[in-house]
Amino acid sequence: MTSIKKDSLRRIMHIVVILYGLACLWLFYHQSVADLSVEGAIPYQSDLPLHISMIVEDGWYYSFTAYAYKVLHVLAGGTTVGIALMLAVISVATIYVTERAICYLSEEKEMGWKTLLLALCTNLVMPIYVEYAGVYRYVSYQVPNIWHNSTYICMKLFALMTFLYYFKLEKKYCDGITVKEWLVFAILNVITTGIKPSFLLAFSPIMGIFLLVDLFKRMSFKRILIFGSALLPSGAVVLWQNAVLFGSDTGNGMTINPWYTFSLHADRPKLAVLLSVAFCGVVILMTLKNVFKDKKYLFTILMVVLGFLEALCLVESGKRSVDGNFLWGYSFCLFVLFLYTTIQWLRYPRKTMVQKAIYAGMTLVYGAHLYCGVLFFVRLVCGESYWMKW
């Protein structure tokens, strides 16, 4: 393929991403002005009007996004246009950061139309919908991509940036990291945690395990301490959020209740869990030998396991007990798992007939995830609630 044709295809993909951004702008604006008080099916139902009203009307600053929403609401003359535009820009930016992640994790030096297409697809995949497992396309399953919760949309971008920057520093921290690098990593963690603490709860323990392994390998304790200390500022943010969300006057707390959240809206929650990660599971089984050869692959899988256990077991007590707020961290874990297993799928050898058949099977499963995701997104843009059933 000539370079001119490649450039043309990349320009086409840029246009496709812009169209996706415009669709997101349409979606987020209509979500922001949706009337949640009407009975029955609510067009463009989402959490966004609640998030905005908690800030504008109640003055409840539970997330860093609250400060941005307040400023944008004032600048836009009391309308929600600025907030919708910000969320659309973040959604588009996430695609381009995803492309950088694909190139970095796959060691692909050149960004082309294929990498941008893959990044867009990664931001569209959803669980394979089977009515027998759960009738709701979103709430019956665990999903990597979410368009109805604005704080998750914002967190996903910064969490991905933090995730990538960690791998960049992990390769070199034993030789020393600069003050600038330490500050960038610390600030990324603070921003991500300030938006939603979910990422840190799944990420930091796994990072701690890897640092502990390095310590047992007799790597410099000083270097390990410096690298690990970059998480401390985000720990202070968690304490602030804990006071806001779980303070003594809130009536909220945490409890352990396995399968409670997963069973709220799924008829067969265990099957729903499997359908949510069908492609990832197949790819991991077929590339199991690569897991322990690739630290980034192993780190991702361990983070997913921890995120799953947190979502499976932890439940909020009080008025938010049915909100499933411990699912957000697992959702991001699924996002990076889809990202990494997609790379493994495309790298899978296709020399023998058996390998070709396995690759074709993985392709079909991925296609099912992508079909369900595109269908879900299109129906959201057309006005359906995220509670859609079929």
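## Digging into the overall build of the protein
Part 1: When you go through the protein residue by residue, the secondary structure sums to 17 helices and two strands.
Part 2: Rg of the C-alpha trace for the protein: 21 Å, near the compact-globule value of 21 Å for 390 residues, within the 12% margin.
Part 3: Expressed as lengths along the three principal axes of its C-alpha atoms, the size of the protein is roughly 60 × 50 × 45 Å.
Part 4: A total of 390 residues make up the protein; the buried ones form 53% of that total.
Part 5: Looking at the protein alone, contacts between residues at least 24 apart form 73% of all its contacts between residues at least 6 apart.
Part 6: Of the roughly 18,100 Å² of accessible surface on the protein, a fraction of 68% belongs to carbon and sulfur atoms.
Part 7: Distance from the positive charge centre (33 side chains) to the negative charge centre (22 side chains) of the protein: 12 Å.

## Regarding the packing of helix 8 (residues 198–216) against helix 15 (residues 295–313)
Part 1: The N-to-C vectors of helix 8 and helix 15 enclose an angle of 135 degrees; their axes lie 9 Å apart at closest approach. If you check the angle between helix 8 and helix 15, you find them oblique. Like other packed secondary-structure pairs, helix 8 and helix 15 cross with a definite hand, here right-handed. Contact with helix 8, carried on its side by Leu201, Ala202, Phe203, Pro205, Ile206, Met207, Phe210 and Asp214, involves Lys295, Leu298, Phe299, Leu302, Met303, Leu306, Gly307 and Glu310 of helix 15 and no other residues of that element.
Part 2: Its residues placed into classes, the contact of helix 8 with helix 15 shows 12 nonpolar, one polar and three charged.

## Some points on the packing of aromatic side chains
Part 1: On inspection of all chains with the given rule, the structure shows 33 aromatic pairs.
Part 2: Their ring planes at 40 degrees and their centres at 6.1 Å tell us that tryptophan 147 and phenylalanine 376 sit as a pair that is tilted. On the criterion of sequence distance, the pair formed by tryptophan 147 in the loop between helix 5 (113–122) and helix 6 (150–170) and phenylalanine 376 in helix 17 (residues 353–381) is long-range, its members being 229 residues apart. Side by side, tryptophan 147 and phenylalanine 376 carry an identical accessibility label, which is buried.
Part 3: For the pair tyrosine 386 and tryptophan 387, a centre-to-centre distance of 5.9 Å together with 40 degrees between the ring planes defines the contact as tilted.
Part 4: Judged by relative accessible area, tryptophan 387 falls into the partly exposed class, the value being 28%.
Part 5: Feature note: the residues Phe163, Tyr166, Phe167, Tyr173, Phe185, Phe199, Phe203, Phe210, Phe227, Phe299, Phe332 and Phe335 constitute an aromatic cluster, connected by ring pairs.

## Digging into the state of the cysteines
A covalent bond bridging the sulfur atoms of two cysteines is what the word disulfide describes.
Part 1: Considering all chains together, one arrives at zero disulfides under this definition.
Part 2: Free of any disulfide, cysteine 121 has its nearest cysteine sulfur in cysteine 372, 14 Å distant.
Part 3: Of the residues examined, cysteine 121 reaches a relative accessible area of 12% and is grouped as buried.
Part 4: With no disulfide of its own, cysteine 333 lies closest to cysteine 280 among cysteine sulfurs, the gap being 12 Å.
Part 5: With relative accessibility at 1%, the residue cysteine 333 sits in the buried group.

## Looking at the nonpolar core
Part 1: Counting residues in each nonpolar core, the largest one holds 113 residues, and the members touching the most others are Trp147, Phe185, Phe299, Met303 and Phe332.
Part 2: When residues of this core are assigned to their parent elements, the largest contribution, 14 residues, is made by helix 16 (residues 327–347).
Part 3: Ranked by size, the runner-up nonpolar core spans nine residues in total, among them Ile128, Ala133, Ala266 and Ala272.

## Comments concerning the side chain of threonine 342
Part 1: Along the chain, the position of threonine 342 falls in helix 16.
Part 2: On the accessibility criterion, threonine 342 (1% relative accessible area) is buried.
Part 3: In contact with threonine 342, other than residues within four places in its own chain, are Leu118, Phe279 and Tyr366.

## As for unusual backbone geometry
Backbone phi values are negative for most residues with the exception of glycine, while trans is the configuration of most peptide bonds.
Part 1: Even without being glycine, arginine 218 reaches a positive phi, approximately 65 degrees.
Part 2: Tracing the backbone shows arginine 218 in the loop between helix 8 and helix 9 (221–228).
Part 3: One non-glycine residue, tryptophan 259, lies in the positive phi region at around 70 degrees.
Part 4: With respect to the helices and strands, tryptophan 259 occurs in the loop between strand 1 (253–256) and helix 11 (260–263).

## Side note on the packing of helix 4 (residues 81–106) against helix 16
How two helices pack is summed up by the angle between their axes together with the distance between the axes.
Part 1: For the pair helix 4 and helix 16, interaxial distance at closest approach is 10 Å and the crossing angle is 50 degrees. Considering the angle they form, helix 4 stands oblique to helix 16. Handedness of the helix 4/helix 16 crossing: right-handed. Between helix 4 and helix 16, the contacting residues are Thr98, Ala101, Ile102, Leu105 and Ser106 on the first element and Phe335, Leu339, Tyr340, Ile343 and Arg347 on the second.
Part 2: The residue makeup of the contact of helix 4 with helix 16, split by class, is seven nonpolar, two polar and one charged.

## Considerations on the pattern of salt bridges
Think of it this way: side chains of opposite charge can pair up when their charged atoms draw near.
Part 1: Taken as a whole and judged by the stated rule, the model has four salt bridges.
Part 2: Among the salt bridges present, the one from glutamate 170 reaches lysine 295, with a minimum N-O distance of 2.5 Å. Residue glutamate 170 is located in helix 6, and its partner lysine 295 is located in helix 15; the two are separated by 125 residues in the primary sequence.
Part 3: Residue class for lysine 295 comes out partly exposed when judged on its relative accessible area of 39%.
Part 4: Close ionic contact of glutamate 181 with lysine 172 constitutes a salt bridge, the shortest N to O distance being 2.8 Å.
Part 5: For glutamate 181, a relative accessible area of 10% puts it in the buried group.

Reading the values: the criteria
- Residues numbered from 1 in each chain as written.
- Predicted model: local features only at pLDDT ≥ 70, side-chain atom pairs only at ≥ 80, totals over all residues.
- Heavy atoms only, no water.
- Helix = DSSP H or I, 4+ residues; strand = E, 2+ residues; numbered from the N terminus.
- Rg over C-alpha atoms; globule rule 2.2 N^0.38 Å.
- Buried < 20%, exposed > 50% of the residue type's maximum accessible area, 1.4 Å probe, protein only.
- Contact = heavy atoms within 4.5 Å.
- Areas by Shrake-Rupley, 256 points an atom, 1.4 Å probe, with all protein chains shown as cover.
- Lys, Arg positive; Asp, Glu negative; His and termini not counted.
- Charge placed at Lys NZ, Arg CZ, Asp CG, Glu CD.
- Axes fitted to C-alpha atoms, helices over the stretch in contact; angles between N-to-C directions.
- Parallel < 35°, antiparallel > 145°, perpendicular 65-115°, else oblique.
- Left-handed = near helix turned anticlockwise from the far one by under 90°.
- Nonpolar A, V, L, I, M, F, W, Y, C, P; charged D, E, K, R; others polar.
- Phe/Tyr/Trp six-rings, centres within 6.5 Å; stacked < 30°, edge-to-face > 60°.
- Disulfide = S-S within 2.5 Å.
- Core = buried A, V, L, I, M, F, W, Y, C linked by side-chain atoms within 4.5 Å.
- Salt bridge = Lys/Arg side-chain N within 4 Å of Asp/Glu carboxyl O.

Purely geometric stuff here, so don't read any function into it on its own.
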